[in-house]
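Residue strings, one per chain:
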Amino acid sequence: MEPLKKEEEKALNFLEEIIENDLRTGKHTSILTRFPPEPNGYLHLGHASSIWLNFGLAQKYGGKTNLRFDDTNPVTEDTEYVESIKEDIKWLGYSWANEFYASDYFDKIYEFAMQLIRQGDAYVDDLTPDEIAAMKGTPIEPGSNSPFRDRSVEENLELFAQMKAGKFEEGAKILRAKIDMASPNMLLRDPILYRIKFAHHHRTGDAWCIYPMYDFAHGQSDAIENITHSICTLEFIPHRAIYDWCIAKLNIYPSHQYEFARLNVSYTVMSKRKLLQLVNENHVSGWDDPRMPTIAGMRRRGYTPRAIREFCERAGIAKRDKLNEISLLEFCVREELNKTSFRRMVVFNPVKVVITNFVEEEVLLESENNPEEEHSGVRTIPFSKELYIEHEDFMENPPKKFFRMAIGQSVRLKSAYIVTCNGVIKDEAGNILEIHCTYIPESKSGHDTSGLKVQGTLHWVSIKHAIGVELREYDRLFKSENPALEEGDFKEYINSDSLNIIMNAFAEPALKEATESQRFQFLRKGYFCKDKDSTLDHLVFNRTVSLKESFTKEVKK
RNA sequence: UGUCUGAUGGUGUAACUGGCAACACGUCUGGUUUUGGUCCAGAAGAGUCCAGGUUCGAGCCCUGGUCGGACAACCA
């Protein structure tokens, strides 16, 4: 019997098709991609998508990927960001073939500029920024030529050298490509190639006072490295014309630019500028605030590299603007954490239960670390006369399908016994002080000879053994599905309830040994990880994501 | 009013390049369950932006529209 289909019959995305075609036709014998972040902010989920694409494509086709910092604007860039970016890429599970910087090529790019001048393809312009803007025309009206457009090659060479030598003030002169002021593509209306900036560069220091623009650095950098497939986002489509123009005029390695739609996720924002605002204006605690869609934030929140990669994979690649649902991301992280995380019991909002017929001091029970993983072992949980259960797990007047604790009803305490609720004790105000239950000794977990069947199973902790922990529950950062598209300031749509802190929850003692790299499922609650704010006697846990909850939906009906 | 670009269930991707629109998430049923989780089984949900055309046959090709996005930073 032949298999009907190859196991790996997954459809190719458009970039994979291009690459396979290039490989098949011999246009390329191997591929080289690059990931080109500007070191002016922290990486976010959108970058993760680009990283997954660039590194993943190279991996799939036996190629390599360079990490290249696009550091052509010294005023916004900083070494702090270089380090965080490298850390994030490594954490996501990728390694680069070479670590390069656009600033490594400043000498070469300067040479390229002189070559264009010599060819009559570039000129020094004295116009002010306002004048240049005014003469640029509009998308539907052609621009007009600068009066300095026809300077001689010699004069341009001399002026450009003086620009480099620091003879002119910022803004006094720029180098422009001589293309076409009437081009329907506004980017081709004599784009600026070099500008004067007396700024300290994080790598080249004060060696330069002129810096190339993106359009005069990116394609050249790609060409210098022999990048075969230069993948960027949709907004660079009109730039491809300059990219190709430079490569043709300079007669350098013909790298090719391909564009894909950036990743957007519902209920958050994905631009460095906006994220920077959230940080600077203290709407969040920092770049690594667990509510942030930054890699650092997601890492702190408990997301795993694998889950993020899986999300990128499932979100896919296309050329149309899109908004992915956050629920897909949540699915990906639950899928992994369900299989890998240890189970622990934590009572978030306690109510006291007294087992009236329990006479022993304590009993040590065993419970599996992870029912999804056979060899994950067990841990010990102490059981005693006085316990905490979740307040919401008890109701005096329960609705019909309430499979939890209620007077006269029996439930299983997870990994322990079946108990029957007999009554409650309240204070004058009507608050519940204690819930009284009796347990059935024969119903001990794993050795149940009682023959009883109960519908519900509750998590619990023994009061005298429990440890107090702080819990931080996160919700979506924005109330709007797509804050960037809303009217007015995106910050008007911030969800003021995105952080819920529970200062004193009660955890089973095994959680004392938790490490920051571990992930836990707090039974019936969600996935959590230990936060770096934890101290020896004060443990803090972040909720990565809740468990799927169908009962609350039921109640709302 | 220009150039570029895109349009397939609620969302995101497919459709062997012209052959009954598929997969995943989400939603809803039912079953199993010592987590109302997981797992298992199933269902609903688009006739592919519109109008013509070519064809035995069009989501794929042609023509004309409509709608969305990008472009007028000495940012990337």
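Residues numbered from 1 in each chain as written. Chains lettered and ligands numbered in written order. Predicted model: local features only at pLDDT ≥ 70, side-chain atom pairs only at ≥ 80, totals over all residues. Heavy atoms only, no water.

(A) Structural view of the environment of Arg314. Within the secondary structure layout, Arg314 lies in helix H11 (residues 305-315). The spacing of Arg314 and Leu328 is 14 residues in sequence and 8.2 Å in space, taken between C-alpha atoms. Arg314 has contacts with Leu328, Phe331, Cys332 and Glu335, leaving out every residue within four places of it along the chain. A polar contact is formed between the side chain of Arg314 and the side chain of Glu310, at a distance of 2.8 Å. (Helix = DSSP H or I, 4+ residues; strand = E, 2+ residues; numbered from the N terminus. Contact = heavy atoms within 4.5 Å. Polar contact = N/O pair within 3.5 Å; in protein donor to acceptor, adjacent residues only side chain to side chain.)

(B) Fine view of the layout of surface pockets. Counted as a void, the second largest pocket has a volume near 880 Å³. Lining the second largest pocket are 32 residues, and of these Pro36, Glu38, His47, Phe236 and Lys272 lie nearest its centre. Elements represented by at least two residues in the lining of the second largest pocket include exactly strand E1 (32-35), helix H2 (45-60), strand E8 (229-233) and helix H9 (272-280). A class-by-class count of the residues in the lining of the second largest pocket yields 13 nonpolar, 10 polar and nine charged. (1 Å grid on protein atoms, 1.4 Å probe; cavity = no way out; pocket = protein on both sides within 12 Å on 5 of 7 lines; lining within 4 Å. Points joined across faces, edges and corners; volume = space filled by probe spheres on them. Nonpolar A, V, L, I, M, F, W, Y, C, P; charged D, E, K, R; others polar.)

(C) Structural context of the pairing of strand E23 (residues 519-522). Burial of E23 is two-sided: the residues Arg519 and Gln521 facing one way and the residues Phe520 and Phe522 facing the other way are all buried. Taken together, the four bridges between E23 and strand E24 (residues 526-530) define a ladder with antiparallel strand orientation. The residue of E24 that forms the bridge with Phe520 is Phe528. Hairpin geometry of E23 and E24 is characterised by an intervening segment of three residues between the two adjacent antiparallel strands and by a positive phi of about 65° at Arg524. (Buried < 20%, exposed > 50% of the residue type's maximum accessible area, 1.4 Å probe, protein only. Pairing = 2+ DSSP bridges.)

(D) Inspection of the sheet that holds strand E12 (residues 350-355) at higher detail. Taken in spatial order, the seven strands line up as E19-E16-E17-E18-E12-E15-E20 in an open sheet, and their pairing is mixed. The open sheet has two edge strands, strand E19 (457-458) and strand E20 (460-462), and neither has a second partner. Here strand E16 (residues 410-413) runs beside E19; their pairing, made up of two bridges, is parallel. Counterpart to Leu413 in the pairing with E19 is Leu458.

(E) Geometry of the protein's contact with RNA strand B. In the region of RNA strand B, 65 residues are neighbours, and Ile140, Ala315, Arg320, Arg343 and Ser445 sit closest. Within 4 Å of the protein, the atoms of RNA strand B are drawn from sugar and phosphate moieties in a proportion of 58%. A distance of 2.5 Å separates a base nitrogen of RNA strand B from a polar side-chain atom of Gln521. A distance of 3.2 Å separates a phosphate oxygen of RNA strand B from a polar atom in the side chain of Ser550. Those elements that place two or more of their residues in the surface near RNA strand B are strand E6 (192-196), H11, helix H12 (326-340) and helix H13 (551-556). (Near = heavy atom within 4 Å.)

(F) Spatial organisation of the nonpolar core. Ranked by size, the top nonpolar core spans 45 residues in total, and within it Leu45, Ile51, Leu53, Ile89 and Ile308 carry the most contacts. Listing elements by their share of this core, those giving two or more residues are helix H1 (14-25), H2, strand E2 (64-69), helix H3 (79-91), strand E9 (256-260), helix H10 (295-301), H11 and H12. Broken down by element, the residue count for this core peaks at seven residues, all from H2. A domain-level breakdown of this core finds at least three residues from each of domain 1 (14-260) and domain 2 (272-342 + 469-545). Discounting chain neighbours no more than four positions away, the residues touching Leu53 are Leu15, Ile231, Phe260 and Ile317. (Core = buried A, V, L, I, M, F, W, Y, C linked by side-chain atoms within 4.5 Å. Domains from an automatic or database assignment.)

(G) Seen up close, the packing of aromatic side chains. Applying the stated criterion across every chain, the model contains 24 aromatic pairs. Judged by centre distance (5.3 Å) and plane angle (70°), the rings of Phe358 and Phe383 are edge-to-face. You can see Phe358 sitting in the loop between E12 and strand E13 (363-368) and its partner Phe383 sitting in strand E14 (residues 378-383), a full 25 residues away along the chain. Aromatic pair Phe520 and Phe541: ring centres 6.4 Å apart, planes at 80°, arrangement edge-to-face. Within this pair, whereas Phe520 is found in strand E23, its partner Phe541 is found in strand E25 (residues 539-546), the two being separated by 21 residues in sequence. Like Phe541, Phe520 is buried. Within the aromatic cluster, the residues linked to one another by ring pairs are Phe106, Tyr110, Phe160, Tyr194, Trp208, Tyr211 and Phe216. For Arg476, the ring lying beneath its charged end belongs to Tyr267, and the centroid distance is 3.8 Å. Above the ring of Phe348, the side-chain terminus of Lys525 is found at 4.6 Å from the ring centroid. (Phe/Tyr/Trp six-rings, centres within 6.5 Å; stacked < 30°, edge-to-face > 60°. Lys NZ or Arg CZ within 6 Å of the ring centre and 35° of its normal.)

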